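Spelled out, the chains give:
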Amino acid sequence: MIIYYYTKEDKNKGEKGMLNDEICKLRDKLNKSIENGEDYEVTYKISIELDELIAQYYKIGADNTVSVNS
């Protein structure tokens, strides 16, 4: 019998993977917006959304980091 222990780390890997996918999609959307010369407001809004997702991505990584005091 195999028992799988679900840990917080497993959960965060899933969250990071989903966030990574969203980041890639939004980055492509931002690039297309720039290439197509869309209105500045549209491009700016996409850029802000992308920044927020990237911040969430790194926050999840930071939450898993262990601090060691020397």
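What counts as what
Residues numbered from 1 in each chain as written. Predicted model: local features only at pLDDT ≥ 70, side-chain atom pairs only at ≥ 80, totals over all residues. Heavy atoms only, no water. Helix = DSSP H or I, 4+ residues; strand = E, 2+ residues; numbered from the N terminus. Buried < 20%, exposed > 50% of the residue type's maximum accessible area, 1.4 Å probe, protein only. Salt bridge = Lys/Arg side-chain N within 4 Å of Asp/Glu carboxyl O. Core = buried A, V, L, I, M, F, W, Y, C linked by side-chain atoms within 4.5 Å. Contact = heavy atoms within 4.5 Å. Phe/Tyr/Trp six-rings, centres within 6.5 Å; stacked < 30°, edge-to-face > 60°. Lys NZ or Arg CZ within 6 Å of the ring centre and 35° of its normal.

S.K.: I'd like to hear about the environment of glutamate 49, residue by residue, with values.
M.R.: With respect to the element layout, glutamate 49 can be found in helix H2 (residues 40-63). Glutamate 49 sits in the partly exposed class, given a relative accessible area of 31%. Taking the C-alpha atoms as reference points, glutamate 49 and arginine 27, 22 residues apart in sequence, are found 9.7 Å from one another.

S.K.: Please provide a residue-by-residue account of the pattern of salt bridges, values included.
M.R.: Pairing between side chains of opposite charge can happen when their charged atoms approach one another. A complete count under the given rule lists one salt bridge for this structure. Note that glutamate 49 is salt-bridged to lysine 45, the shortest N-O span being 3.9 Å. Of this pair, glutamate 49 and lysine 45 both sit in helix H2, separated by four residues, roughly a single helical turn.

S.K.: How would you sum up the nonpolar core? Please name residues and give values.
M.R.: Among the nonpolar cores identified, the biggest contains eight residues, and these are Leu19, Ile23, Leu26, Leu30, Ile46, Leu50, Leu53 and Ile60. Mapped by element, the contributors of at least two residues to this core are helix H1 (8-35) and H2. Apart from residues lying up to four places away in sequence, isoleucine 46 is in contact with Leu26, Lys29, Leu30 and Ser33.

S.K.: So what's going on with the packing of aromatic side chains? Residues and values would help.
M.R.: The description of an aromatic ring pair rests on the distance of the ring centres and on the angle between the ring planes. Per the counting criterion, the structure on display carries two aromatic pairs. Between tyrosine 40 and tyrosine 44, the ring centres sit 5.8 Å apart and the planes meet at 20°, which makes this aromatic pair stacked. With tyrosine 40 and tyrosine 44 both in helix H2 and four residues apart, this pair spans about one turn of that helix. For tyrosine 44, a relative accessible area of 43% gives the class partly exposed. Aromatic pair tyrosine 57 and tyrosine 58: ring centres 5.4 Å apart, planes at 85°, arrangement edge-to-face. Given a relative accessible area of 22%, tyrosine 57 falls into the partly exposed group. Over the ring of tyrosine 57 we find lysine 16; its NZ or CZ atom is 4.5 Å from the centre of that ring.

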